[in-house]
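Residue-level structure breakdown
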Amino acid sequence: MTRHARAVDSSTVRTLCLPSGNEFPRDPFGRPRVLAPPAAGLVYGVAFNVLADRERGSAPHRAPSLYLKPFNTHVGHGAFVTLPDHANEITVGATLGLVIGTAAHRLDPAHALDALAGVMLVLDLALPIDDPHRPPIGATCFDGACPMGPWIVELRDLPALDRIEIRTVINRTVRAVTTFDRLVRPIPQLLADVTAHMTLHPGDVLLAGLPIDLPRAHGDDIVAAEADGLGRVEVRLAEGIPP
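Structure report, in brief. Here the structure is a predicted model, which is why all the values come from computation and not from measurement.

**Section: the overall build of the protein chain**
Each helix and strand in the protein chain was counted, giving three helices and 15 strands. The burial tally for the protein chain puts 51% of its 243 residues in the buried class. Contacts in the protein chain between residues at least 24 apart in sequence constitute 75% of all its contacts with a sequence separation of at least 6. Split by element, the accessible area of the protein chain, about 11300 Å² in all, is 52% carbon and sulfur.

Next comes the structure, spelled out in structure tokens:
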């Protein structure tokens, strides 16, 4: 079975044919090939979009609470990510990246998914923070803090988005499973609410959401996000200047 995937930037949408299953590229020695991020636009994270966090006392905002993963954070499958200096661990959040395929403004929830080129895996890496409402920029925006890929898969080749399960894997052990069936704003509504305030452009990526409690990883760990039908994006962590 052939899956259809895309590489997207602000001016072109290229369709690729990829093998089925969770295969991901490796070199002749079995090491992950380093791939460029398949989307070239801005990446926006969405905070507090998981119902379990609201049930624990994190009240939803009237509008989505966004944060930016700037271009210096974008890396692809197989990259090495160096921890910030004096950090001995980071949090690892595996989530779904919603890749915009056409200019999106004031979307109707009933048709919001039509604006997507597809979806991909994203690892949202960050330093542990005490107050998730006010994360310091250095905690979420260090170099390599947003691995994504390995490719963008079109919605026609996937089950309903709220049925996708993404596994966070650290050193070959599944440490968490992210699902999208209990979101404060389900994905179509999230797209509608975000584009009510701002236009998203082709190649931009909107992260569907993450819980507050995330597994942690350290220098020399191998971290990955994987999901049936979406493949696997994997990076190796390297230590910075020791604490």
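**As for the environment of Gly138**
Assignment of secondary structure puts Gly138 in helix α2 (residues 137-140). The spatial distance from the C-alpha of Gly138 to the C-alpha of Ala126 is 8.6 Å, given a sequence separation of twelve residues.

**So, the side chain of Asn49**
Looking at the element boundaries, Asn49 is found in the loop between β3 (43-47) and α1 (51-55). With a relative accessible area of 1%, Asn49 lands in the buried category. If we ignore the near neighbours within four places in the chain, the residues touching Asn49 are Arg182, Leu183, Val184, Arg185, Leu190, Ala208 and Gly209.

**Structural notes on the sheet that holds strand β6 (residues 80-82)**
Sheet strands line up and pair through hydrogen bonds in the backbone, either parallel or antiparallel. Here we have five strands laid out as an open sheet, ordered β6-β15-β14-β10-β11, and mixed in their pairing. Unpaired on one side and paired on the other, β6 and β11 (173-179) mark the two borders of the sheet. Taken over all neighbouring pairs, the strand axes of this sheet differ in orientation by 25° on average, direction set aside. The pairing of strand β10 (residues 165-170) with strand β14 (residues 222-227) spans four bridges and is antiparallel. Residue pairing across strands places Ile170 opposite Val223, the latter belonging to β14.

**A short note on the pattern of salt bridges**
With the rule as written, the count across this model stands at eight salt bridges. The salt bridge partner of Asp124 is Lys69, with a shortest N-O separation of 2.8 Å. Here Asp124, found in strand β8 (residues 116-126), pairs with Lys69, found in strand β4 (residues 65-69); they are 55 residues apart in sequence, far enough to count as distant. We note a salt bridge from Arg167 to Glu226, for which the minimum N-O separation is 3.0 Å. Note that Arg167 is positioned in strand β10 and Glu226 in strand β14, a separation of 59 residues in sequence. The same class applies to Arg167 as to Glu226, namely buried.

**Observations regarding the pairing of strand β15 (residues 231-238)**
Burial runs high along β15: six of the eight residues are buried. Pairing analysis gives three bridges linking β6 to β15, with the strands arranged parallel. For Val81, the partnering residue across the bridge sits in β15 and is Leu237. Between β14 and β15, which follow one another and run antiparallel, lie three residues, and Gly229 among them has a positive phi close to 85°.

**Overview of the pairing of β11**
As a general feature of sheets, a regular strand has side chains that alternate between the two faces. Where β10 meets β11, six bridges bridge the pair, whose relative direction is antiparallel. Residue Thr168 lies in a different strand from β11, and its bridge partner there is Ala176. Counting the residues in the hairpin turn of β10 and β11 gives two residues, including Asn171, whose phi is positive at 50°.

Parameters at a glance
- Residues numbered from 1 in each chain as written.
- Predicted model: local features only at pLDDT ≥ 70, side-chain atom pairs only at ≥ 80, totals over all residues.
- Heavy atoms only, no water.
- Helix = DSSP H or I, 4+ residues; strand = E, 2+ residues; numbered from the N terminus.
- Buried < 20%, exposed > 50% of the residue type's maximum accessible area, 1.4 Å probe, protein only.
- Contact = heavy atoms within 4.5 Å.
- Areas by Shrake-Rupley, 256 points an atom, 1.4 Å probe, with all protein chains shown as cover.
- Pairing = 2+ DSSP bridges.
- Axes fitted to C-alpha atoms, helices over the stretch in contact; angles between N-to-C directions.
- Salt bridge = Lys/Arg side-chain N within 4 Å of Asp/Glu carboxyl O.

In short, shape yes, function no, at least from these values alone.
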